[in-house]
Amino acid sequence: MLINPVLAQAFPDVDENHWAYKEIEILAKEGVVVGYPDGNFKADSLVDRAEFSSMVIKALGQEHSPIQVEINFADVPYSHWAYSLIQRAVYFDLIDGNEKNFYPEGYVSKAHAI
C-alpha cells in the first residue's frame, strides 16, 4: 500500500483507507488541522469547541485579523492554547459562549458545526 509520505509522517494513525484521508490531507497541507502533540490525528474522535474554533478560523484565514473587544471567559485563560482563535471565532459569530464561560472542552455536534 502506497501512503502519502507527508500525511503518513504527520499523522501515523491515519492511513489512506480512512474515509476522510483526502480531506485530512488537504486540511493538513493548508495548516487548518495540525493534530495532537503526540503526533496523532485521532480522526474518529469528537471535536471540542476549542479545536473547532481553531479549524474554522484557520480555514477562513482569519488567524491574524484584528478584533475590537476581547471576551474574558472564566474557563479560557490567556494561556489557553486556543485563546486567540476562540476570541476570533466568537468575534466573527462563528461560535458562542455565555456571559461567563466558553466551555472549550465541550464537544461540537455536526449540527452545530453546520
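Look a little higher up for the structure.
Notes on the structure follow. No experiment lies behind these values; they were computed from the predicted model shown.

Conventions used here
- Along each chain, numbering runs from 1 in the same order as the chain's sequence is written.
- Only residues with pLDDT of at least 70 get local features here, since the model is predicted, and only at 80 or more are side-chain atom pairs given and counted; chain-wide, interface and lining totals rely on the full set of residues.
- For side-chain calculations, the full set of non-hydrogen atoms in the structure is used, while hydrogens and water are omitted.
- Buried Ala, Val, Leu, Ile, Met, Phe, Trp, Tyr and Cys residues form a nonpolar core when they are joined through side-chain atoms within 4.5 Å.
- Each residue is assigned to one of three classes by its accessible area relative to the maximum for its type, calculated with a 1.4 Å probe on protein chains only: buried under 20%, partly exposed between the two thresholds, exposed over 50%.
- Under the DSSP-based scheme used, a helix requires at least four consecutive residues in state H or I and a strand at least two consecutive residues in state E, with every element numbered from the N terminus.
- Residues count as neighbours in contact if any of their non-hydrogen atoms are within 4.5 Å of one another.
- Patch membership requires more than 30% relative accessible area and the absence of a salt bridge. Residues of like charge join within 9 Å; the nonpolar side chains Val, Leu, Ile, Met, Phe, Trp and Tyr join within 5 Å.
- Using a 1.4 Å probe, the Shrake-Rupley method yields the accessible areas, and only the shown protein chains count as cover for residues.
- Each salt bridge in this description consists of a side-chain nitrogen of Lys or Arg and a carboxyl oxygen of Asp or Glu lying within 4 Å of one another.

**Let's talk about the nonpolar core**
(1) Moving on: If you look at the biggest cluster of nonpolar residues, it comprises 15 residues, and the most contacted ones within it are Phe73, Val76, Ile86, Val90, Ile95 and Phe102.
(2) Moving on: Secondary-structure elements contributing two or more residues to this core are helix 3 (49-59) and helix 4 (83-91).
(3) Moving on: Sorting elements by how many residues they give to this core places helix 4 first, with five residues.
(4) Moving on: Not counting residues within four places of it along the chain, the set of residues in contact with Ile95 comprises Arg49, Phe52, Ser53, Ala89, Val90 and Phe102.

**A look at unusual backbone geometry**
(1) Moving on: The residue Lys42 is not glycine, and still its phi comes out positive at about 60°.
(2) Moving on: In this structure, Lys42 sits in the loop between helix 2 (21-29) and helix 3.
(3) Moving on: Even without being a glycine, Asp93 presents a positive backbone phi close to 60°.
(4) Moving on: As for its position among the elements, Asp93 is in the loop between helix 4 and helix 5 (110-113).

**So, a nonpolar patch on the surface**
(1) Moving on: On the surface, Leu60, Tyr91, Phe92 and Leu94 cluster together into a nonpolar patch covering about 330 Å² of accessible area.
(2) Moving on: By secondary structure assignment, the location of Phe92 is in the loop between helix 4 and helix 5.

The values reported here are purely geometric and, on their own, carry no functional implication.
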